[in-house]
Structure formats: C-alpha cells, structure tokens
Amino acid sequence: MKKIVAIMTACVLALSMAACGSKNPDQNASSEASSAAVSESSGAEASAASGEAGGLDTIKANGKLVMLTNATFPPFEYIGDDGSVAGVDPDVAAEIAKDLGVELEILDMNFDLLIEAVKSGKGDFAAAGMTITPERQEQVDFSKEYVKSAQYLIVQKGSSITKDTLDGTTIAVQESTTGDFYASDEVQAKEVMRFKGATETGAALIAGKCDAVILDKLPAEAIVANSNGKLELLPDPLTEESYAFAVKKGNAELLDAINATLQRLMDEGKIDELVTEHANAA
Ligand code: GLN
C-alpha cells in the first residue's frame, strides 16, 4: 500500500513532465521515450536477439521463458517489496515456466510497447492484464482468457460526474489501453491525458489535473483504496473485457503450453486465489 502512495506522490511531482494532453491517439506513437523501459533482469537478450518467436525448442534450449509486462497495474503486476515485479501474472508465468522446466525472466516496459515487443521477439509472451481486442488480435495471438474485467470510472469524492456526463471533461488514462480507447472513441472529452503508468492517473486526479480516470477494475480499486478517501470508484462498468496472454503470431507450441497451464490453474481455482492474495498485498 505504502509504495503505491509513494509512487503516486512521486508522480504528482513528475506530472509536468508526463506525456499528456493529446486528443489524437495517433500522435502518441512517438512519445514513448518519456519513460524508459526498465529491465527486470539482465539476460533477456538471448531470446530477444534472434527475433524469432521462440518455439518450445528454443525456450528449452535457452533454459528460460521471457515474460513482457508493465508493472504499474496492481494486483496483476506491480513492484514488490524486494523491488522485483510481483503479481498475478508473474505468478501464473512462473507456473508456465515450471511446467516447461525452464527459468522465468521478466522484462518491465511501457504498456504501449508490449505488442511490438512480442512481435519483434523481445520476449516470448506478454502477460499484462491485457484485454483481447480485435485490433490486437490482428497483431498477436491470444491465449485463453483467464480473467474477466471492465473499465471503471474514478472521480474525486463527491464529484457529480457520471459516465453519462463525461463529454467536455478532462480524463486521465494509461496510454494505449482500453481505457484510452474508451476515452478517445466513446466520449467527447475536452482532453485525454495519457500516462505511461496506470498508477499515475490517480495522482493526476488527486492533484486536480483531470476530472476523471478510466481504468480497469482492480487497478482502479487499488488506486481508490490508497487515496486516503480522496477518490471514489463509480459502480457502473463502462465495458466488458477479458484478459489473455499474447504470443507472436503463429507460435502455436508456446500458446498450447500457456493454455495448458492456464487451464490447470483455473481448474484448481488458483487464479482467483492469486487475485485475492495480490489485491491484499499490492
Ligand atoms: N486491460 C487494459 C488493456 O489491455 C489495461 C492493461 C494494462 O494497463 N496493463 O488495454
């Protein structure tokens, strides 16, 4: 809990430097340099270097499975107390690696870079609370869905804003997420403020830089829970979504392995357990 508050506080200070303000999502393609991708481990180059989608042979020969994520999205991925990436997705990925008999490595990068990173073979798969969308399905192959989610609205406590009165407001979102797509496509917003990390959106709202935040349910709940009563989650979902892991198109071997482990964990009720565990820890 404390670290999210710390991150949010840091982000308030950093707000003036944050990428935001563009009304046109296409203009953001070149803005990725504002916060550098951080490598969680040093040895990710091996499977990255070939640029090939690692079939299982490559993964087993390398002895490691490389997961790509964006660790600003509790409880699915966040920076844990020891400084490494923790959450539901890393724990599920660790099970996949275990079933394959290899080590897991995690690369933490901006969310808007993940699809390209999967396509170019920077890692074997993305696990990032990523929603299946038709546009993304044209670029990557998705596993089975393992979590149902939705976009929700966060407002300042006592605000009169609802999902029906969003036109003309300033809305903060995480760049290139389904929250961004909703704010950009379904609302006549005055401004869409786009941030690299999900937790930064809450800091912007607390600081009064925007009128509302649109975010996935559980990260939104985490932000509200850490807002010292300043923020409120509105009860009506804006969308219906499903999360899945993404692999390079055509990597059926890895997809089958991921699906087998996901199915096992779902049959065991393990995913729900992990969500509860990390919602309490994040
Ligand atoms: N589920 C949202 C999406 O896929 C947000 C994911 C995230 O920020 N990690 O766009």
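Preceding this paragraph is the structure being described.
Residues numbered from 1 in each chain as written. Predicted model: local features only at pLDDT ≥ 70, side-chain atom pairs only at ≥ 80, totals over all residues. Heavy atoms only, no water.

Asker: I'd like a rundown of the pairing of strand β1 (residues 64-69), residues and numbers included.
Answerer: Among the six residues that make up β1, six are buried, leaving the element largely enclosed by the rest of the structure. Here β1 shows a buried face lined by Lys64, Val66 and Leu68 and a second buried face lined by Leu65, Met67 and Thr69. Bridge count for β1 against strand β5 (residues 125-126) is two bridges, and the pairing is parallel. Of the residues in β5, the one forming a bridge with leucine 68 is alanine 126. (Buried < 20%, exposed > 50% of the residue type's maximum accessible area, 1.4 Å probe, protein only. Helix = DSSP H or I, 4+ residues; strand = E, 2+ residues; numbered from the N terminus. Pairing = 2+ DSSP bridges.)

Asker: Describe the nonpolar core, naming the residues involved and giving the relevant values.
Answerer: Within the largest apolar cluster, 46 residues are counted, with the highest numbers of intra-cluster contacts made by Leu65, Val92, Phe125 and Phe245. Discounting residues that sit within four places of it in the chain, phenylalanine 125 has contacts with Leu65, Val66, Met67, Leu68, Ala93, Val118, Phe245, Ala246, Val247 and Ile258. The next biggest cluster of nonpolar side chains, apart from the first, holds 16 residues, and it includes Val66, Leu107, Met109 and Ile115. (Core = buried A, V, L, I, M, F, W, Y, C linked by side-chain atoms within 4.5 Å. Contact = heavy atoms within 4.5 Å.)

Asker: How would you sum up the site of the ligand? Please name residues and give values.
Answerer: For the ligand, the full set of nearby residues is Phe73, Phe111, Ala128, Gly129, Met130, Thr131, Arg136, Gln174, Thr177, Thr178, Asp216 and Tyr243. Interatomic distance of 2.5 Å between a side-chain N/O atom of glutamine 174 and an oxygen atom of the ligand. Within the backbone of threonine 178, an N or O atom sits 2.8 Å from an oxygen atom of the ligand. In isolation the ligand offers 290 Å² of accessible surface; the protein chains occlude 100% of this area. The site holding the ligand turns out to be the largest cavity. Of the residues that constitute the shell around the ligand, the class distribution is five nonpolar, five polar and two charged. (Near = heavy atom within 4 Å. Polar contact = N/O pair within 3.5 Å; in protein donor to acceptor, adjacent residues only side chain to side chain. Areas by Shrake-Rupley, 256 points an atom, 1.4 Å probe, with all protein chains shown as cover. 1 Å grid on protein atoms, 1.4 Å probe; cavity = no way out; pocket = protein on both sides within 12 Å on 5 of 7 lines; lining within 4 Å. Sits in = over half its atoms within 2 Å of the grid points. Nonpolar A, V, L, I, M, F, W, Y, C, P; charged D, E, K, R; others polar.)

Asker: Before we move on, could you go through the packing of aromatic side chains and cite the residues and values that matter?
Answerer: Taken as a whole, this structure holds six aromatic pairs when the rule is applied. For the pair phenylalanine 73 and phenylalanine 76, a centre-to-centre distance of 6.0 Å together with 35° between the ring planes defines the contact as tilted. Judged by relative accessible area, which is 5%, phenylalanine 73 ranks as buried. The buried category is assigned to phenylalanine 76, whose relative accessible area is 1%. For the pair phenylalanine 73 and tyrosine 243, a centre-to-centre distance of 6.3 Å together with 55° between the ring planes defines the contact as tilted. Here the residue phenylalanine 73 occupies a position in the loop between β1 and β2 (78-79), and tyrosine 243 occupies one in strand β13 (residues 241-243), the gap between them amounting to 170 residues. Exposure class is identical for phenylalanine 73 and tyrosine 243. Each is buried. (Phe/Tyr/Trp six-rings, centres within 6.5 Å; stacked < 30°, edge-to-face > 60°.)

Asker: Let's hear about unusual backbone geometry: which residues, and what values?
Answerer: That bond from proline 74 to proline 75 is cis: its omega, 5°, falls within 30 degrees of zero. Assignment of secondary structure puts proline 75 in the loop between β1 and β2. We note that serine 176 has phi near 65°; this positive angle belongs to a residue other than glycine. Tracing the backbone through its elements, the reader meets serine 176 in the loop between β9 (170-174) and α7 (178-185). The exposure class of serine 176 is partly exposed, given its relative accessible area of 25%.

Asker: Please give an account of the sheet that holds strand β12 (residues 231-233) that cites residues and values.
Answerer: Ordered by their spatial adjacency, five strands build an open sheet running β10-β9-β11-β8-β12, and the pairing between neighbours is mixed. Of all the strands in the sheet, the pair left with one neighbour each is β10 (191-195) and β12. Pairwise comparison of adjacent strand axes, ignoring direction, gives a mean angle of 30° for this sheet. Direction of pairing for β9 relative to strand β11 (residues 212-216): parallel, over a ladder of two bridges. Opposite alanine 172, over in β11, you have valine 213 as the bridge partner. (Axes fitted to C-alpha atoms, helices over the stretch in contact; angles between N-to-C directions.)

Asker: Would you mind going over the sheet that holds strand β14 (residues 246-248) in detail, with residue names and values included?
Answerer: Spatial ordering of the open sheet is given by β4-β1-β5-β14-β6, a layout of five strands whose pairing is mixed. Unpaired on one side and paired on the other, β4 (103-108) and β6 (140-142) mark the two borders of the sheet. Two strands pair when backbone bridges link them, and β1 and β4 are joined in this way by six bridges, in the parallel orientation. Its bridge partner being in β4, threonine 69 is matched across the sheet by aspartate 108. Here helix α4 (residues 88-100) sits on the sheet in contact with β1, β4 and β5, set at roughly 160° to β1. Across the sheet, helix α10 (residues 252-267) lies against β1, β5, β6 and β14, angled at about 160° from β14, the strand it touches most.

Asker: Which residues make up the environment of proline 75, and what values go with them?
Answerer: Using a relative accessible area of 2% as the deciding quantity, one classes proline 75 as buried. Expressed as a C-alpha distance, the spacing of proline 75 and leucine 218, which sit 143 residues apart in the sequence, is 6.8 Å. Beyond its immediate stretch of four places on either side in the chain, proline 75 contacts Gly87, Val88, Leu218, Pro219, Val275, His278, Ala279 and Ala282.

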